[in-house]
Structure formats: C-alpha cells, structure tokens
Amino acid sequence: MSYYSRFSSLCLLLFLLSEICYLSKADVGTAAHYTPPYIPTACHGRDISVFPSSNMFGAAGEGVWDNGASCDRQYLVRCISAAVPRTCIPDKTIQIRILDRALTAVSRPSIPGTTIVLSTTAFAAIANASASSINIEFQQ
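If you're wondering where the values come from, they're calculated on a predicted model, not measured in any experiment.

Novice: I would appreciate a short explanation of the sheet that holds strand E1 (residues 27-34) in the present structure.
Specialist: Hydrogen bonding along the main chain pairs the strands of a sheet, whether they run parallel or antiparallel. Pairing in this closed barrel of six strands is mixed, and the strands run E1-E5-E2-E4-E3-E6 around the ring. Across this sheet, the average inter-strand angle for adjacent strands is 45°, counted without regard to direction. Here strand E3 (residues 74-81) pairs with strand E6 (residues 133-139) via five bridges, running antiparallel. Along E6, the bridge assignment pairs Val77 with Phe138.

The structure is reproduced here in structure tokens:
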C-alpha cells in the first residue's frame, strides 16, 4: 500500500469518525415562555428601553443566571423536542438576549424552573406557541 493510499484511507476514516462523533459545544435545557408586561427588574431596573425591537429576548433560569453575570448575554437557542410531537419548528435557531431573571420576572413563566424563559415572540419563532415548555439546545 502506497503512502498516498494510506494517507487517503486515514483521512477518510477521520472524516467518518468526525461525522459520527460530532462534538457540540451547546448545552441542553428547557424553555418556557412569558407574556407582557416585560419589565427587566433584575438586570436593568425598570428600564424598558433595553428591549430589542425584534422582541427576541429572555429571562435566565437559575442554572443560567450566574449571579447576574448572564445579564445582556446573547444565546443561540433551538428547540430539540417537546412532549407533544411536531411542536418544534425544524432547523430554526434564534438569537436572544438575557434581560431578566426568571425567578424575579414580573410575568410568570408558563412552566417554573426552566433553564430560559423566552418572550412570546422568541418562543413562537422556534416552537408552537401553544406549548407550555420545550427542550432546547443553547449556547452563548
């Protein structure tokens, strides 16, 4: 076997292994949604001017809150599954900004104790809006 064919075989093997063993840098959690009034008490006092015009924002659950360090962090979020089949919008990823703490948010989340609570606009962008919670993949 020539050097070239060994090298080609090794490259093919490495490529196949990389496809099988895809390593994701994302975390997995749950998301709920909340409705107005949106008042970012934990991160920005009561300054509503911080809300993006796209309404793509959320509140950090306790696992993401990080003692307030999550304020203004941006996350890529996608729905990966839900209790009800066909709840997720396939291949849809959104970018949100954390503007509050879920535990102290003025509006209560549809399900307490989730990783991230999304605005109704952000939630509806990745899942059926009638769902109360979804399983998500997210990364900063």
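Novice: I'm lost on the pattern of salt bridges in this one. Help?
Specialist: Where charged atoms from two side chains of opposite charge approach closely, those side chains can pair. If you walk through the whole model with that rule in mind, you get four salt bridges. The salt bridge partner of Asp66 is Arg73, with a shortest N-O separation of 2.9 Å. Taking relative accessible area as the criterion, Asp66 reaches 45% and is therefore assigned partly exposed. Here Asp72 ties to Arg97 by a salt bridge, and the two come within 2.8 Å at their closest N and O atoms. Placement of the pair is Asp72 in the loop between helix H3 (62-65) and E3 and Arg97 in strand E4 (residues 93-101), with a sequence separation of 25 residues. Judged by its relative accessible area of 32%, Asp72 falls in the partly exposed class.

Novice: How should I be thinking about the environment of Asp100 in this particular structure?
Specialist: The residue Asp100 is located in strand E4 in this model. Its relative accessible area of 3% is what places Asp100 among the buried residues. Taking the C-alpha atoms as reference points, Asp100 and Ala59, 41 residues apart in sequence, are found 4.4 Å from one another. Here Asp100 is in contact with Ile39, Pro40, Thr41, Ala42, Cys43, Gly58, Ala59, Ala60, Trp65 and Ala105, once residues within four sequence places are set aside. Engagement of the side chain of Asp100 in a polar contact is seen with the backbone nitrogen of Ala42, the distance being 3.0 Å.

Novice: Mind showing me how you'd approach the pairing of E4 here?
Specialist: Residues in a regular strand project their side chains so that they alternate between the two faces of the sheet. Bridge count between strand E2 (residues 57-60) and E4: four bridges; the pairing is parallel. For Ala59, the partnering residue across the bridge sits in E4 and is Asp100. Direction of pairing for E3 relative to E4: antiparallel, over a ladder of five bridges. What sits directly across from Gln74, in E4, is Arg97.

Novice: Explain the nonpolar core to me, please; I cannot follow it from the model alone.
Specialist: Across soluble globular proteins, nonpolar side chains have a tendency to be buried as a group. Counting 24 residues, the largest nonpolar core has Val77, Ile94, Ile96, Ile116, Leu118 and Ile134 as its most contacted members. Listing elements by their share of this core, those giving two or more residues are H3, E3, E4, strand E5 (116-119), helix H4 (120-126) and E6. It is H4 that contributes the most residues to this core, four residues altogether. The residues contacting Leu118, other than those within four sequence positions of it, are Ala31, Ala32, His33, Tyr34, Phe57, Gly58, Ile96, Phe123 and Ile126.

Novice: Whenever I open this one, the packing of aromatic side chains confuses me. Can you help?
Specialist: Inspection of the entire model under this criterion finds five aromatic pairs. Aromatic side chains Tyr34 and Tyr38 sit 5.1 Å apart centroid to centroid with 75° between the ring planes, which places their arrangement in the edge-to-face category. With respect to burial, Tyr34 and Tyr38 carry one shared label: buried. An angle of 55° between the planes, with centres 6.2 Å apart, marks the rings of Tyr38 and Phe51 as tilted. Of this pair, Tyr38 sits in the loop between E1 and helix H2 (41-44) while Phe51 sits in the loop between H2 and E2, and the two are 13 residues apart along the sequence. Summarising the burial analysis for this pair, Tyr38 and Phe51 share the class buried. Site record: aromatic cluster; members linked through ring pairs are Tyr34, Tyr38, Phe51 and Phe57.

Calculation rules
Residues numbered from 1 in each chain as written. Predicted model: local features only at pLDDT ≥ 70, side-chain atom pairs only at ≥ 80, totals over all residues. Heavy atoms only, no water. Pairing = 2+ DSSP bridges. Helix = DSSP H or I, 4+ residues; strand = E, 2+ residues; numbered from the N terminus. Axes fitted to C-alpha atoms, helices over the stretch in contact; angles between N-to-C directions. Salt bridge = Lys/Arg side-chain N within 4 Å of Asp/Glu carboxyl O. Buried < 20%, exposed > 50% of the residue type's maximum accessible area, 1.4 Å probe, protein only. Contact = heavy atoms within 4.5 Å. Polar contact = N/O pair within 3.5 Å; in protein donor to acceptor, adjacent residues only side chain to side chain. Core = buried A, V, L, I, M, F, W, Y, C linked by side-chain atoms within 4.5 Å. Phe/Tyr/Trp six-rings, centres within 6.5 Å; stacked < 30°, edge-to-face > 60°.

Distances and angles like these do not, on their own, reveal function.
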